[in-house]
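A closer look at the structure
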Amino acid sequence: MVLATASASNFYQDFDITWGDHRAKIFNGGQLLSLSLDKTSGSGFQSKKEYLFGRIDMQLKLVAGNSAGTVTAYYLSSQGPTHDEIDFEFLGNLSGDPYILHTNVFTQGKGNREQQFYLWFDPTRNFHTYSIAWSAQHIIFLVDNVPIRLFKNAESMGVPFPKNQPMRIYSSLWNADDWATRGGLVKTDWSKAPFTAYYRNFRASTSTSTSTFSDSAFQTQELDAYSRRRLRWVQKNFMIYNYCTDLKRFPQGVPPECKHSRFNL
């Protein structure tokens with residue numbers, strides 16, 4: 001297996017600012033990027049390259065203070081009406097209340113696979129690493145190298161899985177106060193603007209193989225015992241929403257991958 005690993009990343013080389021004008025900035029010689037949101041506009045960037053399988057790491061420091069109404073999105077996506085997508089979204093909140101980490105997986109243009117978590121630290125005080133490990137067998141969401149969610153390939157059960165469409169990395173900071181905080185009850189306080197999030201230490205580890213990726217801990221289809229324990233710890237103590245247990249939403253029965261816990265933890 002031939003590995004192509006991006007080591008010393010540079011935001012100038014790896015990303016394009018796509019919207020927001022001066023609200024998105026690259027500085028420190030390309031080592032740091034910031035996105036800002038004010039009442040006029042948010043901002044965003046995307047990767048120059050597309051990726052098909054691999055592990056993506058990015059360190060983020062989220063909007064501090066009263067971030068209610070704001071969303072910082074960091075995700076992989078292809079394009080078009082049948083796009084695939086793997087999402088981290090950070091839903092802002094009032095000062096002192098925890099951020100909600102929202103995850104989702106889209107295949108062939110359809111999502112509805114949300115899991116939400118509180119974090120076990122304040123994501124506004126320091127940088128933390130948020131990772132997506134994506135192979136033909138599974139998708140793993142990680143925070144500081146701790147797995148928080150595992151979505152396995154369940155094509156054998158008729159569940160589509162993202163494995164054919166290369167995806168770019170995207171990130172944006174935008175106003176979503178119609179839904180982001182307490183279902184839209186808490187609005188953005190523009191007197192606190194501009195709202196700013198920071199990014200550093202991007203790393204993409206990719207492989208020429210379509211079935212494995214380079215981080216040795218995640219080459220096999222199964223997490224090791226320690227990682228499974230960490231995953232259970234997060235899901236027991238910090239998960240606040242799981243589509244697989246939302247019977248009101250699926251009165252005719254939950255999606256097929258939910259019926260077999262080994263496919264979607």
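Scroll up to find the structure this text is about.
In short, a report on the structure. Computed from a predicted structure; not experimentally measured. (Residues numbered from 1 in each chain as written. Predicted model: local features only at pLDDT ≥ 70, side-chain atom pairs only at ≥ 80, totals over all residues. Heavy atoms only, no water.)

1. Overview of the sheet that holds strand β8 (residues 85–91)
As summarised here, the arrangement of the 8 strands in space is β2-β5-β14-β7-β8-β9-β10-β16, forming an open sheet in which the pairing is antiparallel. The outermost strands of the open sheet, each flanked by one partner alone, are β2 (15–19) and β16 (239–242). Averaged over all adjacent pairs, the angle separating strand axes in this sheet is 15 degrees, with direction ignored. Sheet topology places strand β7 (residues 70–77) next to β8; 7 bridges connect them, and they run antiparallel. Within β8, the position partnered with Y75 by the bridge is D87. (Pairing = 2+ DSSP bridges. Helix = DSSP H or I, 4+ residues; strand = E, 2+ residues; numbered from the N terminus. Axes fitted to C-alpha atoms, helices over the stretch in contact; angles between N-to-C directions.)

2. A look at the pattern of salt bridges
In the structure shown here, the tally under the stated rule is 7 salt bridges. One salt bridge in this structure joins K48 and D16, with 2.5 Å as the shortest N-O distance. One end of the pair, K48, is in the loop between β5 (43–47) and β6 (54–61); the other, D16, is in strand β2, and 32 residues separate them in sequence. Judged by relative accessible area, which is 37%, K48 ranks as partly exposed. With a relative accessible area of 32%, D16 lands in the partly exposed category. (Salt bridge = Lys/Arg side-chain N within 4 Å of Asp/Glu carboxyl O. Buried < 20%, exposed > 50% of the residue type's maximum accessible area, 1.4 Å probe, protein only.)

3. Some words on the state of the cysteines
The full count for this structure, using the stated rule, is 1 disulfide. Each sulfur in the disulfide pair C244 and C258 lies 2.0 Å from the other. One disulfide, between C244 and C258, carries an S-S torsion of -70 degrees and so falls in the left-handed class. Placement of the pair is C244 in the segment after β16 and C258 in the segment after β16, with a sequence separation of 14 residues. Of the two residues examined, C244 and C258, each falls in the buried class. (Disulfide = S-S within 2.5 Å.)

4. What about the packing of aromatic side chains?
Enumeration according to the criterion identifies 20 aromatic pairs in this entry. Between the aromatic rings of Y75 and Y170, the centroid separation amounts to 5.4 Å while the plane-to-plane angle is 15 degrees, which identifies the pairing as stacked. Note that Y75 is positioned in strand β7 and Y170 in strand β14 (residues 168–175), a separation of 95 residues in sequence. On the accessibility criterion, Y170 (11% relative accessible area) is buried. Three or more aromatic residues joined by ring pairs make a cluster, and in this case those are F11, F15, F45, Y199 and F202. Over the aromatic face of Y198 sits the side chain of K61, whose NZ or CZ is 5.8 Å from the ring centroid. (Phe/Tyr/Trp six-rings, centres within 6.5 Å; stacked < 30°, edge-to-face > 60°. Lys NZ or Arg CZ within 6 Å of the ring centre and 35° of its normal.)

5. What about unusual backbone geometry?
In this structure, the amide linkage connecting A193 to the following residue, P194, adopts the cis form with an omega of 0 degrees. Mapping P194 onto the fold places it in the loop between β14 and β15 (195–207). In the Ramachandran plot, R182 falls in the positive-phi region, its phi being about 50 degrees despite a non-glycine side chain. Topologically, R182 is positioned in the loop between β14 and β15. A residue is classified by how much of its surface remains accessible, and R182, at 60% relative accessible area, is exposed.

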